[in-house]
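# Understanding the architecture of this molecule
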Amino acid sequence: MTANIEATVQAAEAAQPATRNARPLRLITCGSVDDGKSTLIGRLLWDTKAVKEDQADALARDNRHQQNDLGLPDFALLLDGLQAEREQGITIDVAYRYFSTDRRSFIVADTPGHEQYTRNMATGASTADLAVLLVDARAGILEQTRRHATIATLMGIRQFVLAVNKIDLIDYDEAVFNQISAEFRQFALSLGVTDVTAIPMSALLGENVVHPGTASMPWYSGPPLVEVLELATQRTAQTVGFRLPVQRVSRPDESFRGYQGTVAGGSVKPGDSIVVLPAGSVANVKQIVTFDLVRNAAVAGDAITLVLDRHVDIARGDMIASIDAAPALGRAFEAKLVALSADAITTGKRYWLKSSSRRQRVRVEPKTRLALKTGQWDGADSLPLNSIGTVHLDFDEAAMFDPYETNRNTGAFILIDPDTNNTVAGGMIVERTTRVDGIDAGGERDHVLLSLPEDLADRLMASEAFADLRDHVEIRRVSGARAAAVLKDVD
Amino acid sequence: MSETKPPLDPNLKALESEAIHIFREVAAEFERPVMLYSVGKDSSVLLHLARKAFYPGRIPFPLLHIDTGWKFREMIAFRDRMAAEFDLDLVTYTNPRGKLEGVTPFTHGSSVYTNIMKTEALRQALDAGQYDAAFGGARRDEEASRAKERIYSFRTPDHRWDPRNQRPELWSIYNGQIRKGESVRAFPLSNWTEVDIWRYIQAESIPIVPLYFAAQRPVVERDGMLVLAEDERLELLPGEVKRTETIRFRTLGCFPLTGAIRSTATTLDDIIGELETATVSERQGRAIDRDEAGSMEKKKREGYF
Ligand SMILES: Nc1nc2c(ncn2[C@@H]2O[C@H](COP(=O)(O)OP(=O)(O)O)[C@@H](O)[C@H]2O)c(=O)[nH]1
Ligand SMILES: [Mg+2]
């Protein structure tokens, strides 16, 4: 039933094409330096009339920079808002920009192309629904193009637009466009990405950005960029059960106790049974309170206050979840990491890990590092700035996550260096560690196999006593017949 | 609480939820948060969102108004009315140098005046309150350096912003870890545009200062700006004539430095309609933003909001 509510909400959104009736689509532009990312966004803003005259005048007054041949302002300057960026003529940090068409509004992150600023590209990618990957038609696919596509995919982006830019500089050559797009599609497939729209483009001249470029490219019959963006889908991977990371407990007076947070997955309605993690206590939802009214349902993305039918001990950092589809609880997880700091991520150092509203101590053990040239994951014991790797996470206390693949909210985390307070890595949970070692290897110790009906097992596992022991228990859900067959072989 | 009203459209709903999330996160993570309240439209939206975020509780932090002494009179009246109506902890602060050294927008020029009466005043007030987090209503679509700013924007103990060295901010996971003396500016409206603000004001019936609506008002033209001539402290310069025009304001600040626009927009629908066809940005009416490119970044580095 949770799925139904969401499906209806999304269908309603899709049916209404007007700006005000859809959530903004978030996208990033990426690609190598000078491929035209900032120019493209400037052009998007200009052609959708998001740039106002006084802002354009300010660019014109900035006389260190010329207007281009078309008498239009240097679009890149609209984006490169920091003094250092203007001075060096490059993009250093992510800029967020806003524009809209009659059908939809957009938040676009302009990310830097230089390898040394890869971390800023990863930052922009973390929230994006779609990536526009630019290549210079004269140069074709570069190592940096592959790197950005790889990072974007890792961060969960599954929709790509390949913008073959500066097509004006190769005389609108169809053969070159076809060759570059074929090469990219091939590469995207190796990343598991099938949703690629390739567009021949001149960001500078505004061809196939907002307006079609038919006059110079009669051979291209596909849509201009903005049409692809209007039709793109939003990431709604929150198909797992209900999740409410508790941000704060609201106790305005003795009679009221509510748990405030943003629904991070699934949906909830009064009467639903929930489990509180990590403690494992169970309760039912009594009310969903918001400022406007008492609601009869809330879905992913809603900021709510939840009232339960009984008193349970809940604090900031806990997670309220569906009783029948709770996240993984454990002390050890496997994750992918993007290193964001000049100090490498190393084994043995303890970091703060923040995920949703929960902050806890963690020890990080790097395992492999992605060689962006070859796409291979090589063995590694440290992760320097801008590198991507897999790591093993060891917690002092129980942690709970979903795989990032199934829930971007409850599967993502950041690492904070306790010495500098800097954010030093962004991480994505792969799975709970299933390795069996230490006492759990159990060679010597006796183990007990239990087989019991599912509802009974769930009640048992939801209990507080069980929560702490969860790491030591192996669980399989099978049919009654299969359980009987397995146990028959054991005496 | 409002009666039955149509549900928010998904765009505004998403922006609202994000802002509420940020409010709750900061309130939970910091010891002494404060909300900058400038009495303008963005502050009105910010206040409304704060009330929503903590409902049914009260807003768990004070509101701080940096009063330069040169605000529109209607703004001050509105501010005090809101504080009473919504039971707010309102703190107001004015830099004593204003009186002591006679710092005014007329005598010191907009740049020096702003630096002393706004930026320095803000630093003094934040130090006095020992606030470790300050909410502001800034939006990324306002200006190019703001487009680069994080939602949690880290400040050194002397309130400086280092745009070259910002903490990466991934997903909606905010790093609120600071040392004593350091602070964070938090921007719940980062992803809102000016049109979003007006649509939300309309959808939620949020009260705003009447100066935003067109009416016949006395003005003089000065440096290409229409200055409201209601205040006895405005001395007319030789050649200036007071006349009555139908005007309104797109942003509100200090009356001598904030230009009006000629407009007949008397309703929210009119204002939104006007905005959708506007060809100049909202900051155009502000004298302090009209210096060379990069001036906002400079002010922000020094502690301006
Ligand atoms: N001829 C041509 N030049 C372009 C085009 N797009 C961008 N440029 C130029 O390429 C240079 C680099 O662009 P910029 O947007 O700063 O690249 P970024 O580093 O990817 O942000 C600038 O001089 C642009 O004017 C295009 O479509 N055609
Ligand atoms: Mg650029």
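The structure we're discussing is the one just above.
Before going into details, it helps to say that this report is about the structure given with it. All values reported here derive from a predicted model rather than from experimental measurement.

## A look at empty space enclosed by the protein
Residues and elements named next belong to chain A. In total, this model carries seven cavities of 30 Å³ or more according to the counting rule given. Met319, Ser355, Ser356, Arg358 and Met400 are the residues nearest the centre of the second largest cavity, which is lined by 13 residues in total. Mapped by element, the contributors of at least two residues to the lining of the second largest cavity are strand 19 (350-355), strand 20 (358-371) and strand 23 (388-401). Per-class residue counts for the lining of the second largest cavity are five nonpolar, six polar and two charged.

## What to know about the site of ligand 1
All names here are of chain A. Close to ligand 1 lie 16 residues; Asp34, Lys37, Thr39, Asp168 and Ala203 are nearest. Taking Lys37, its side chain carries an N or O atom lying 2.7 Å from an oxygen atom of ligand 1. Between Thr39 and ligand 1, the recorded distance is 2.5 Å, taken from a side-chain N or O atom to an oxygen atom. Summarising the interface, the protein chains cover 79% of the accessible area of ligand 1, which totals 580 Å² for the free molecule. Per element, the largest residue contribution to the shell around ligand 1 is three residues, and it comes from helix 2 (residues 37-47). Of the residues contributing to the shell around ligand 1, the split by class is five nonpolar, six polar and five charged.

## Some thoughts on the sheet that holds strand 1 (residues 25-31) of chain A
For sheets, the rule is that strands pair by backbone hydrogen bonds, running either parallel or antiparallel. Residue and element names in this part refer to chain A. With respect to topology, six strands assemble into an open sheet ordered 2-3-1-4-5-6, the strand pairing being mixed. Each edge of the open sheet carries a strand with a single partner, namely strand 2 (95-100) and strand 6 (195-200). Taken over all neighbouring pairs, the strand axes of this sheet differ in orientation by 25 degrees on average, direction set aside. Looking at chain direction, strand 4 (residues 130-136) and strand 5 (residues 159-165) are connected through six bridges and run parallel. Each residue of the ladder has a partner; that of Val132, found in strand 5, is Val161. Sitting on the sheet, helix 6 (residues 118-126) touches strand 1, strand 2 and strand 3 (105-110), and the angle it makes with strand 1 is about 155 degrees.

## Examining the packing of aromatic side chains
Counting across every chain of the model gives 24 aromatic pairs over all chains. Here the aromatic rings of A:Phe401 and A:Phe413 are separated by 6.2 Å at their centres, their planes lie at 55 degrees, and the arrangement is tilted. Residue A:Phe401 is found in strand 23, and its partner A:Phe413 is found in strand 24 (residues 412-416); the two are separated by twelve residues along the sequence. On the basis of relative accessibility, which here comes to 0%, the residue A:Phe413 falls in the buried class. Measuring from centroid to centroid gives 5.0 Å for B:Phe61 and B:Phe135, while their planes differ by 35 degrees, and the two rings are tilted. Remark: B:Phe135 occurs in strand 4 (residues 133-135) and B:Phe61 occurs in the loop between helix 2 (41-54) and strand 2 (63-66); sequence separation between them is 74 residues. Residue class for B:Phe61 comes out buried when judged on its relative accessible area of 3%.

Thresholds, definitions, all that
- Residues numbered from 1 in each chain as written.
- Chains lettered and ligands numbered in written order.
- Predicted model: local features only at pLDDT ≥ 70, side-chain atom pairs only at ≥ 80, totals over all residues.
- Heavy atoms only, no water.
- 1 Å grid on protein atoms, 1.4 Å probe; cavity = no way out; pocket = protein on both sides within 12 Å on 5 of 7 lines; lining within 4 Å.
- Points joined across faces, edges and corners; volume = space filled by probe spheres on them.
- Helix = DSSP H or I, 4+ residues; strand = E, 2+ residues; numbered from the N terminus.
- Nonpolar A, V, L, I, M, F, W, Y, C, P; charged D, E, K, R; others polar.
- Near = heavy atom within 4 Å.
- Polar contact = N/O pair within 3.5 Å; in protein donor to acceptor, adjacent residues only side chain to side chain.
- Areas by Shrake-Rupley, 256 points an atom, 1.4 Å probe, with all protein chains shown as cover.
- Pairing = 2+ DSSP bridges.
- Axes fitted to C-alpha atoms, helices over the stretch in contact; angles between N-to-C directions.
- Contact = heavy atoms within 4.5 Å.
- Phe/Tyr/Trp six-rings, centres within 6.5 Å; stacked < 30°, edge-to-face > 60°.
- Buried < 20%, exposed > 50% of the residue type's maximum accessible area, 1.4 Å probe, protein only.

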